[in-house]
Amino acid sequence: MHTAPQTKTRFEPTRIAPETFLIHDHQGEGTEPVSVALNTMVIRAAEPVVVDTGMMENRDQYLADVFSLVEPEDIRWVFISHDDVDHTGNLNALMAAAPNATLVIDWFMQERMGASLEVPASRWRWVQDGDSLDVGDRTLRIVRPPVFDSGTTRGLFDPLTEVYWGSDAFASPMAVPVRDVAELDLVPWLEGIHVFAQYISPWLQVVDDAKFQRTVDRIADLQPQVLAGCHTPMIGRGHVADAIAATRIAPSAVVPPQPDQSVLDAIQSVLPAGA
Ligand SMILES: [Fe+2]
Ligand SMILES: [Fe+2]
């Protein structure tokens, strides 16, 4: 746990649509039974957009990957899907390096981040679910995903490429790190979507199903050709329907319990002294 593996699988950014790239990171490899993606995205729109900022632990590689795709001074927008550490880990560093970028957050996000947000208010823009963001050659739509773990969560749909960034939605673990869900076995991938949905959004079990389905409909109605997110490999055209269908039934799926104290006892029993 929290021990870096000796070697970490390295993926160069993946082009998932025209001028749209997934930047890869992951955790768990070599130390836990599965790996979990920690992706971010870059849209080279007329006004380039960076979507989420990854983990602090991966800062050097994250910034190198972003700047391999877009020059720091060309970044116009940094969109944060919500204020969890795996999405904001390099927010301050990126904004410091990108002098022409505006930080796209919302009121609640800056309230929740408090003093950890070092970007001055003059560089903010607040957008909410249902809003849009003009980035020069396209107007991005802000659409909340059906599964989320922070009240600040907003997804992002690009009507030009039909890519939807679902933040924590459509997440699933990987037996080994991969770029694309097409490389995963279908059944464990879809079961993983159920697990993540319930872990991320335990309230799904108490939500009226018809109302929940309407939140999934909002994404289906966008007719995305690619689903991207922080904790999933790329979900390409042939797998979008499967991911949406798995999300629809996630609230009632039977999923394994989270590791409990007995698991921690077993871990601690083999830890070296002081670890
Ligand atoms: Fe989250
Ligand atoms: Fe996340």
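To be clear, the structure that these remarks concern was listed above.
Since the structure is predicted, the reported quantities are computational estimates derived from the model, not experimental observations. (Residues numbered from 1 in each chain as written. Chains lettered and ligands numbered in written order. Predicted model: local features only at pLDDT ≥ 70, side-chain atom pairs only at ≥ 80, totals over all residues. Heavy atoms only, no water.)

## Some thoughts on the coordination of the iron ion (ligand 1)
Only His82 (NE2), Asp84 (OD), Asp149 (OD), Asp149 (OD) and Asp168 (OD) from the protein coordinate the iron ion (ligand 1), and they sit 2.0 to 2.5 Å from it. Between consecutive donors of the iron ion (ligand 1), the numbers of intervening residues give the motif H-x1-D-x64-D-x18-D. Between the iron ion (ligand 1) and the iron ion (ligand 2), both coordinated by Asp168, there is a metal-metal distance of 3.4 Å. Here Asp149, found in the loop between strand 11 (139-143) and strand 12 (155-158), pairs with Asp168, found in the loop between strand 13 (163-165) and helix 5 (186-200); they are 19 residues apart in sequence, far enough to count as distant. (Donors = N, O, S within 2.8 Å, 3.2 Å for Na, K, Ca; no water. Helix = DSSP H or I, 4+ residues; strand = E, 2+ residues; numbered from the N terminus.)

## Some points on the coordination of the iron ion (ligand 2)
Protein-derived ligands of the iron ion (ligand 2) are Asp86 (OD), His87 (NE2), Asp168 (OD) and His231 (NE2), with the metal-ligand distances lying across 2.1 to 2.2 Å. If you look at the iron ion (ligand 2), its four donor atoms make angles of 83 to 168° with each other, and the shape they trace is irregular. All donors to the iron ion (ligand 2) come from one chain, and their sequence spacing reads D-H-x80-D-x62-H. (Tetrahedral: all angles 85-135°; square planar, octahedral: opposite > 155°, others 65-115°.)

## With respect to the side chain of Ser150
Among the structural elements, Ser150 can be located in the loop between strand 11 and strand 12. Ser150 gets classed as buried once you look at its relative accessible area, which sits at 3%. In this structure the side chain of Ser150 is engaged in a polar contact, spanning 3.2 Å, whose partner is the side chain of Asp83. Polar side-chain contacts of Ser150 include one of 2.8 Å to the side chain of Thr152. When residues no more than four places from it in sequence are discounted, the contact partners of Ser150 are His82, Asp83 and Arg112. (Buried < 20%, exposed > 50% of the residue type's maximum accessible area, 1.4 Å probe, protein only. Polar contact = N/O pair within 3.5 Å; in protein donor to acceptor, adjacent residues only side chain to side chain. Contact = heavy atoms within 4.5 Å.)

## A few points about unusual backbone geometry
Despite not being glycine, Glu19 has its phi angle at roughly 55°, a positive value. Along the polypeptide, Glu19 turns up in the loop between strand 1 (14-17) and strand 2 (20-23). Accessibility expressed as a relative area gives 36% for Glu19, which makes it partly exposed.

## Here's the deal with the sheet that holds strand 8 (residues 102-105)
If you walk across this open sheet you meet the seven strands as 1-2-5-6-7-8-9, and the pairing is mixed. Both edges of this open sheet fall to strand 1 and strand 9 (124-126), since each of them pairs with a single strand only. The average undirected angle you get between the axes of adjacent strands in this sheet is 25°. Pairing of strand 7 (residues 77-79) with strand 8 involves three bridges; the strand directions are parallel. (Pairing = 2+ DSSP bridges. Axes fitted to C-alpha atoms, helices over the stretch in contact; angles between N-to-C directions.)

## Observations concerning the pattern of salt bridges
On inspection of all chains with the given rule, the structure shows eleven salt bridges. For Arg10, the salt bridge identified is with Glu12, shortest N-O distance 3.5 Å. A residue is classified by how much of its surface remains accessible, and Arg10, at 35% relative accessible area, is partly exposed. One continuous salt-bridge network, built from bridges that share partners, spans Arg10, Glu12 and Asp65. (Salt bridge = Lys/Arg side-chain N within 4 Å of Asp/Glu carboxyl O.)

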